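Results of the structural survey
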Amino acid sequence: MTTKTKAPEAATLPLNQILGGDCIDVMNSLPAGSVDLIFADPPYNLQLKGDLHRPDNSKVDAVDDHWDQFSSFAKYDQFTQLWLAAAKRLLKPNGAIWVIGSYHNIFRVGATLQDQGFWVLNDVVWRKTNPMPNFRGKRLTNAHETLIWASRDEGAKYTFNYEALKALNEGVQMRSDWVLPICTGHERLKDEAGDKAHPTQKPESLLHRALIATTNPGDVVLDPFFGTGTTGAVAKMLGRDFIGIEREEAYRKVAERRIAKVRKFDSSALEITGSKRAEPRVPFGQVVERGMLRPGEELYSIGSRFKAKVRADGTLIGNDVKGSIHQVGAALEGAPSCNGWTYWHFKRDGKMVSIDILRQQIRAEMSEGRPH
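As the structure is a prediction and not an experimental result, all values here were calculated from the model. (Residues numbered from 1 in each chain as written. Predicted model: local features only at pLDDT ≥ 70, side-chain atom pairs only at ≥ 80, totals over all residues. Heavy atoms only, no water.)

Topic: helix α10 (residues 325–333)
Rules: Each residue is placed in one exposure class: buried if its accessible area under a 1.4 Å probe, protein chains only, is under 20% of its type's maximum, exposed if it is over 50%, and partly exposed if it falls in between. Think of it this way: any DSSP run of H or I at least four residues long counts as a helix, any run of E at least two long counts as a strand, and we number them from the N terminus.
When we look at burial in α10, the residues that qualify are I325, V328, G329, A330 and L332. Of the residues one or two after α10, G334 is the one with positive phi, at around 65°.

Focus on unusual backbone geometry
Glycine aside, negative phi is the norm for most residues, and most peptide bonds take the trans geometry. One non-glycine residue, N16, lies in the positive phi region at around 55°. Residue position: N16 is located in the segment before β1 (17–19). Note on N16: relative accessible area 39%, which makes it partly exposed. One non-glycine residue with positive phi stands out, namely D320, at about 65°. Tracing the sequence through the fold places D320 in the loop between β11 (316–318) and β12 (321–323).

What to know about helix α7 (residues 249–260)
Put simply, the test is: The length a helix should cover is 1.5 Å for every residue beyond the first. Working note: the arc is built from the helix axis to C-beta atom directions. Residues count as neighbours in contact if any of their non-hydrogen atoms are within 4.5 Å of one another.
In this model α7 runs 17 Å from its N-terminal to its C-terminal C-alpha over 12 residues, within 8% of the 16 Å that 1.5 Å per residue would give. Of all the positions in α7, only Y251, R252, V254, A255, R258 and I259 are classed as buried. Viewed end-on, α7 has its buried residues packed into an arc of 165°, placing them on one side of the element. Pointing more than 90 degrees away from the buried face of α7 are the exposed residues A250 and A260. Packing partners of the buried residues in α7 comprise β1, α5 (204–214), α6 (230–237) and β8 (241–245).

Here's the deal with the packing of aromatic side chains
This is how the line gets drawn: Two aromatic rings, drawn from Phe, Tyr or Trp (for Trp, its six-membered ring), form a pair once their centres lie within 6.5 Å of each other, and the interplanar angle then sorts them: stacked below 30 degrees, edge-to-face above 60, tilted otherwise.
Considering all chains together, one arrives at 11 aromatic pairs under this definition. Seen in terms of ring centroids, W149 and F160 are 5.4 Å apart; in terms of plane orientation they differ by 45°. Their pairing is tilted. Placement of the pair is W149 in strand β5 (residues 144–151) and F160 in the loop between β5 and α4 (162–168), with a sequence separation of 11 residues. What makes W149 buried here is its relative accessible area of 5%. Ring centres 5.9 Å apart and planes at 70° place the aromatic pair F284 and W341 in the edge-to-face group.

Read these as geometric descriptors, not functional statements.
And the structure:
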């Protein structure tokens, strides 16, 4: 492999464009520290020995393209070192990278990631609901691929939308094994001859989950092995900016046509469930200070089993127990702790209303006053 010469650095980012050329050269021409996330699907270096055939003797459309051919593991490792170094230079200090691969390459890529100072956060197993069968019957069916998620540096404050992923998973913490189908049917792009436009086109569901998890609207997502543009299509839908790099002109044309048809979701649809810790803290005393609840007003527990009076300093008194909304609720219930905001209610027009409504009202006013 020839040594890469440093290309002149671009003054501005070519947002929402597909750039032609070698990914290493192109990445080295972009401004350092300018990208929030990189999603990389590098060549797998499959080292196929002969054609694959189904039981009926029809040929399997395997990855035998020239871009996946390397003369040795050493050459592949050298290529990996160069593109990862270029990727690290491009990432912002709190940026992160996803790399996807098969057993042929992911372990070599993972070792190089760590050698270059990236900090591995998770490996994710993408378990395919509909994998390609093993027609030779000599090994297990390859039913998964592995993704590595890593921050640029140890200690980086990378983006992770934990609550959004939990919401995506019906309120259950998202695990590191993702069960999703491979790209088939209506999503599979075809060329003019009606054949697969790309042998390893990734499903949009996979990119949707990765981008929801680790980016925010307006972030810049770069894909150095753009292929037919799944990363760009999903980024555009989700209100992220993308930069694609693809050396094969045929893939670039397919990707351009595909992304041109994509519509960005409206801003309200792009909002995701945020971390409760990120919301501004509202002391119960503010509710009293602002007259939303008056001293002497009574609060009621869920089911009205207990009641307590609001005091002028934002504390409560009930059954001779004094303290915060949380302390009094816990004491009355005989529990080690209590979320007073969801426990206590007040009466309005004969109906019970959670005091948390008042907290949300104050938070909404606070967010309106913050710069966006």
